[in-house]
Amino acid sequence: MKTPVIAVVGATGAVGEEILLCLDQLKVPHQEIKLLASARSAGKTLPFQGKDLVIQELAEDAFASVDIALFSVGSDIVKTFAPLAAETGAIVIDNSSAYRMDDDVPLVIPEINGEDAKNVPRNIIANPNCTTIVTLMALNPMHQAFGGCETLIASSYQAVSGSGAQGIAELEDQVKAYAEDQPIEVNLYPRQIAFNVIPQVEPITENGYTKEEMKMQNETRKILHAPNIRASATCVRVPVLRSHAVSATAQFASKPDVEAARQAIKEAPGIELVDDRDVPSYPTPLDVANGDDCMVGRIREDLALDNSLAFWVVGDQVRKGAALNAVQIAALLID
């Protein structure tokens, strides 16, 4: 698979377009890039490496010559077309939640468990949830350094772009209406998002946690191969355009050391330490927007739980939380 045919499914969406950008910037070897989308987008073009690529309609016979199919569409569409792509021999890399928790589908963050991508019995690899990716990029170096994470308590601060273009439009429209002293319309979110925070991302389940919050525990266990980790998350939508932030406390099997944690992070790929108490220096969502690496700071001993560290991590959920992670998985397969 040195020069594969790569299909981008959902090429006209925000993540699909970011996938194209990442394929270009990472110089991923390919024989052909094939763009697939809905019938209403068929025939339109998108630029890629100096050429205009024509978008084709996503159909049952669209994967005949495809080696890698990068899916960035809803779970229902994935469940219809991903098995068809896999049956032709293509490796599907799926950004949706459709197959993440299936035992025979690896859930991969290349810097953490890239080896799992070598065992793909169904020809499907799942991309984790964006908030999980951002959190684990910071947690994993400490998980490895201190005998394993046993408990994770996290609060996320999630940008409106996590809801797609509609989320960005709703925030911008509400800010404009507020500035012009006009009525503020609420459509996408359960409450006004401008100048507010909403402690609900995705529907609330029977146990009181949202689907997004349960992903933190379930996906963390699978990615780290640590089925006994206990995680409790509160996911909050905030009036930020791009990039998620997470405040977390992690309890480890052995007593952690702040300086050892900083050193472990410095040596880890894909995560940057921004943690100077004297300045003070710490990362914010604006610092990582459109960037590849996540950033971590505010590392300190937790005062409530034994053997615990508190930390703050930010990451661009469109890039590392979705498009970049998927393209990095594709690069693993090619290598």
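Definitions and limits used
- Numbering of residues begins from 1 in every chain and follows the order in which that chain's sequence is written.
- Local features in this predicted model are restricted to residues of pLDDT 70 or higher, and side-chain atom pairs are both shown and tallied only at a pLDDT of 80 or more, whereas totals for entire chains, interfaces and linings draw on every residue.
- Just so you know, side-chain values use all the structure's heavy atoms and leave hydrogens and water out.
- Starting at the N terminus, helices and strands are each numbered in turn, a helix being any DSSP run of H or I of at least four residues and a strand any DSSP run of E of at least two.
- Based on C-alpha atoms, the radius of gyration is set beside the globule rule, defined as 2.2 Å times the residue count to the power 0.38.
- For each residue, the accessible area found with a 1.4 Å probe, counting protein chains only, is set against the maximum for its type, and the residue is called buried under 20%, exposed over 50%, and partly exposed in between.
- The contact criterion used is simple: two residues touch if any of their non-hydrogen atoms lie within 4.5 Å.
- Each accessible area is a Shrake-Rupley result for a 1.4 Å probe, and residues are judged covered by the shown protein chains and nothing else.
- His is not counted, nor are the chain ends, whereas Lys and Arg count as positive and Asp and Glu as negative.
- For charged residues, the charge sits on one atom: NZ in Lys, CZ in Arg, CG in Asp, CD in Glu.
- Note: two strands are recorded as paired if DSSP finds a minimum of 2 bridges between them.
- Axis lines are fitted to C-alpha atoms, over the contacting stretch for helices. Their N-to-C directions set the angle, which ranges from 0 to 180 degrees.
- Patches here: salt-bridge-free residues with over 30% relative accessible area, like charges joined within 9 Å, nonpolar side chains (Val, Leu, Ile, Met, Phe, Trp, Tyr) joined within 5 Å.
- Definition used for salt bridges: Asp or Glu carboxyl oxygen within 4 Å of a side-chain nitrogen of Lys or Arg.
- As used in this structure description, the phrase polar contact means that two N or O atoms lie within 3.5 Å; if the pair is within protein, one of them must be able to donate a hydrogen and the other to accept it, and residues adjacent in sequence are counted only when both atoms belong to side chains.
- Centres within 6.5 Å are what make two rings of Phe, Tyr or Trp a pair, Trp counting through its six-membered ring; a difference in plane orientation under 30 degrees is then read as stacked, over 60 as edge-to-face, and the rest as tilted.
- Any angle between 65 and 115 degrees counts as roughly perpendicular, while under 35 counts as roughly parallel, over 145 as roughly antiparallel, and the rest as oblique.
- Left-handed describes a crossing whose near helix is turned anticlockwise from the far helix through less than a right angle; right-handed describes the clockwise counterpart.
- Each residue receives one of three labels: charged for Asp, Glu, Lys and Arg, nonpolar for Ala, Val, Leu, Ile, Met, Phe, Trp, Tyr, Cys and Pro, and polar for the others, Gly being one of them.

## A word on the overall build of the protein
What the protein contains, in helices and strands, is nine helices and 13 strands. The C-alpha radius of gyration of the protein comes to 20 Å, within 12% of the 20 Å expected for a compact globule of 335 residues. Once the C-alpha set of the protein is aligned to its principal axes, its extents read approximately 60 × 55 × 40 Å. Every one of the 335 residues in the protein was classed for burial, and the buried ones make up 51%. Of the contacts formed within the protein by residues at least 6 apart in sequence, a portion of 65% connects residues at least 24 apart. When the accessible surface of the protein is summed, it comes to about 15400 Å², and 48% of that surface belongs to carbon and sulfur atoms. In the protein, which carries 27 positive and 45 negative side-chain charges, the distance between the mean positions of the two groups comes to 1 Å.

## Quick look at the sheet that holds strand E4 (residues 51–57)
If you trace the seven strands from one edge of the open sheet to the other, you get E3-E4-E2-E1-E5-E6-E7, paired in mixed fashion. The open sheet terminates on both sides in strands that have one partner only, identified here as strand E3 (45–48) and strand E7 (124–126). Taking each pair of neighbouring strands and ignoring which way they run, the sheet shows an average axis angle of 25 degrees. In this sheet, strand E6 (residues 91–94) lies alongside strand E5 (residues 68–71) in parallel orientation, the contact comprising four bridges. Bridged to Ala69 within E6 is Val92.

## Re a nonpolar patch on the surface
A cluster of nonpolar side chains, namely Val175, Tyr178 and Phe195, defines an oily patch on the protein surface of about 330 Å² accessible area. As for its placement among the helices and strands, Tyr178 is situated in helix H5 (residues 165–179). The exposed category is assigned to Tyr178, whose relative accessible area is 51%.

## Some remarks on the pattern of salt bridges
A complete count under the given rule lists 13 salt bridges for this structure. Here Glu18 ties to Arg319 by a salt bridge, and the two come within 2.9 Å at their closest N and O atoms. Linking Glu18 in helix H1 (residues 14–25) with Arg319 in helix H9 (residues 319–334), this pair joins segments that are 301 residues apart in sequence. As far as burial versus exposure is concerned, Glu18 and Arg319 are alike and both buried. Glu259 is the partner of Arg262 in a salt bridge, and the nearest nitrogen-oxygen pair spans 2.5 Å. Highlighted residues: Arg262 and Glu259, both in helix H7 (residues 258–267), separated by three residues, approximately one helical turn. One network of salt bridges, in which partners are shared, links Glu18, Arg242, Asp292, Asp316 and Arg319.

## Points about the side chain of Arg237
Summarising the element assignment, Arg237 is placed in strand E9 (residues 230–237). It turns out Arg237 is buried and unbridged, and the closest side chain with the opposite charge, Glu212, is 6.3 Å from it. Among the polar contacts made by the side chain of Arg237, one reaches the main-chain carbonyl oxygen of Ala159 at a distance of 2.8 Å. A distance of 3.3 Å separates polar atoms of two side chains, one belonging to Arg237 and the other to Ser163. Beyond its immediate stretch of four places on either side in the chain, Arg237 contacts Gln158, Ala159, Val160, Gly162, Ser163, Tyr189, Ile193, Asn196, Val197, Ile198, Val201 and His244.

## Structural notes on the pairing of strand E8 (residues 149–158)
Along any regular strand the residues' side chains alternate between the sheet's two faces. Relative to strand E10 (residues 244–252), E8 runs antiparallel, the two sharing eight bridges. Bridge pairing in E10 links Ser156 to Val246.

## Here's the deal with the packing of aromatic side chains
Under the defined criterion, the tally for this structure stands at four aromatic pairs. Both rings, one in Phe63 and one in Phe71, keep their centres 5.8 Å apart while their planes meet at 15 degrees; by these two values the pair is stacked. There is no split in this pair, since Phe63 and Phe71 are both buried. The interplanar angle of 50 degrees and the centroid separation of 5.6 Å between the aromatic rings of Tyr157 and Trp312 together place this pair among those described as tilted.

## A closer look at unusual backbone geometry
With an omega of -10 degrees, the peptide bond running from Val279 to Pro280 counts as cis. With respect to the helices and strands, the residue Pro280 is situated in the loop between strand E11 (271–273) and helix H8 (285–288). One non-glycine residue, Lys27, lies in positive phi territory at about 50 degrees. Even without being glycine, Arg298 reaches a positive phi, approximately 55 degrees. Relative to the elements of secondary structure, Arg298 occurs in strand E12 (residues 294–301).

## Observations regarding the packing of helix H4 (residues 130–145) against helix H6 (residues 211–224)
Running from N to C, H4 and H6 point in directions that differ by 45 degrees, and their axes come no closer than 10 Å. In terms of axis orientation, H4 runs oblique to H6. When the axes of H4 and H6 are compared, the crossing they make is right-handed. On H6, the residues touching Thr131, Thr132, Thr135, Leu136, Leu139, Asn140 and His143 of H4 are Glu212, Lys215, Met216, Glu219, Thr220, Ile223 and Leu224. The class makeup of the residues in the contact of H4 with H6 is five nonpolar, six polar and three charged.

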